[in-house]
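Next come the chains, spelled out residue by residue.
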Amino acid sequence: ELLYFLTWRDVRVRYKQTALGAAWAVLQPVTTMLIFTFIFGRIAKLDSGDVPYSLFVYTALVPWTFFSTAITQAAQSLVLQERILTRVYFPRLLIPMAAIGAVLVDLGFTFLVLAVLLVWFGVLPSLAILTLPLFILLAVLAASAVGLWLAAINVRYRDVRYISPFLVQLWFFITPVGYPADEVPENWRWLYDLNPMVGVVDGFRWAVLDADAPGSSLVISVIVTLVGLTFALFHFRRLEATFADEV
């Protein structure tokens, strides 16, 4: 119940006194899609198979935008809630989880745009779309693993607020958003697949666009995510007792 109220509060705070409100949730992925379509779709002419390049990119931007926003919000969540941390005790884990939960609302808005694009381009998803909630869950777990690490570290070292945007930017380029994962050389593919978002993005494209089914990349993504989340929870719990003193 507390997690629900913290999440709902974060949702209201994010859109309070904004002119565009929830439109900000779709402005970034739509703008990125348009830029990528012009540069990589029209000029560079990257291959997107039988799917229109705009739809190919936006389908990947849906989970990526959630992931990048979630880890950024989670990383700053404990520091931003300094007054609550120093006045009353409750499970501190709820704060970054509420920040990630609030971004799920944005994910819902980006799905609405995706539905419009599917209708516009006349693409009818197959039954594979029924597996989409599983890939959403994997994206949530991956964001939680990274977000909890950064949130715990940020309490002690405020450098995280400078590092996290740079980390997100680098992570974007090693995720197959604007290009298919098959473009990565085979001898580097094992290292590339250690990025858990590779399996998530490939899974989204398979579920929505009936693209090639994710194989080993999905298995590796699940393993890396679960191991990372386990260590993140352990790390968070180990430092939790000092949060109120250091924040």
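It should be noted that the structure appears before, not after, this text.
Please read all numbers here as calculations on a predicted model, not as lab measurements.

Engineer: Explanation requested: the packing of aromatic side chains in the structure shown.
Structural biologist: Within a pair of aromatic rings, the relevant descriptors are the distance that separates the centres and the angle that separates the planes. Evaluated as defined, the whole model comprises 10 aromatic pairs. Ring geometry for phenylalanine 111 against phenylalanine 204: centres 6.1 Å apart, planes inclined by 20 degrees, an arrangement best described as stacked. Here phenylalanine 111 is found in helix H5 (residues 94-121), whereas its partner phenylalanine 204 is found in helix H9 (residues 196-209), with 93 residues between them in sequence. We classify phenylalanine 204 as buried; its relative accessible area is 1%. Residues phenylalanine 172 and phenylalanine 173 carry aromatic rings whose centres are separated by 5.6 Å and whose planes lie at 75 degrees to one another, so their mutual orientation is edge-to-face. Members of the aromatic cluster, connected to one another through ring pairs, are Phe36, Phe40, Trp64, Phe67, Trp171, Phe172 and Phe173. The ring of phenylalanine 56 is capped by arginine 205, whose NZ or CZ atom sits 3.6 Å from the centre of that ring.

Engineer: Got a minute to help me understand the side chain of glutamate 240 in this structure?
Structural biologist: Mapped onto the fold, glutamate 240 is located in the loop between helix H10 (216-239) and helix H11 (243-246). The exposure class of glutamate 240 is buried, given its relative accessible area of 9%. Among the polar contacts made by the side chain of glutamate 240, one reaches the main-chain amide nitrogen of arginine 92 at a distance of 2.9 Å. When sequence neighbours within four positions are dropped, the list of residues in contact with glutamate 240 reads Tyr89, Phe90, Pro91, Arg92 and Leu93.

Cut-offs and rules
Residues numbered from 1 in each chain as written. Predicted model: local features only at pLDDT ≥ 70, side-chain atom pairs only at ≥ 80, totals over all residues. Heavy atoms only, no water. Phe/Tyr/Trp six-rings, centres within 6.5 Å; stacked < 30°, edge-to-face > 60°. Helix = DSSP H or I, 4+ residues; strand = E, 2+ residues; numbered from the N terminus. Buried < 20%, exposed > 50% of the residue type's maximum accessible area, 1.4 Å probe, protein only. Lys NZ or Arg CZ within 6 Å of the ring centre and 35° of its normal. Polar contact = N/O pair within 3.5 Å; in protein donor to acceptor, adjacent residues only side chain to side chain. Contact = heavy atoms within 4.5 Å.

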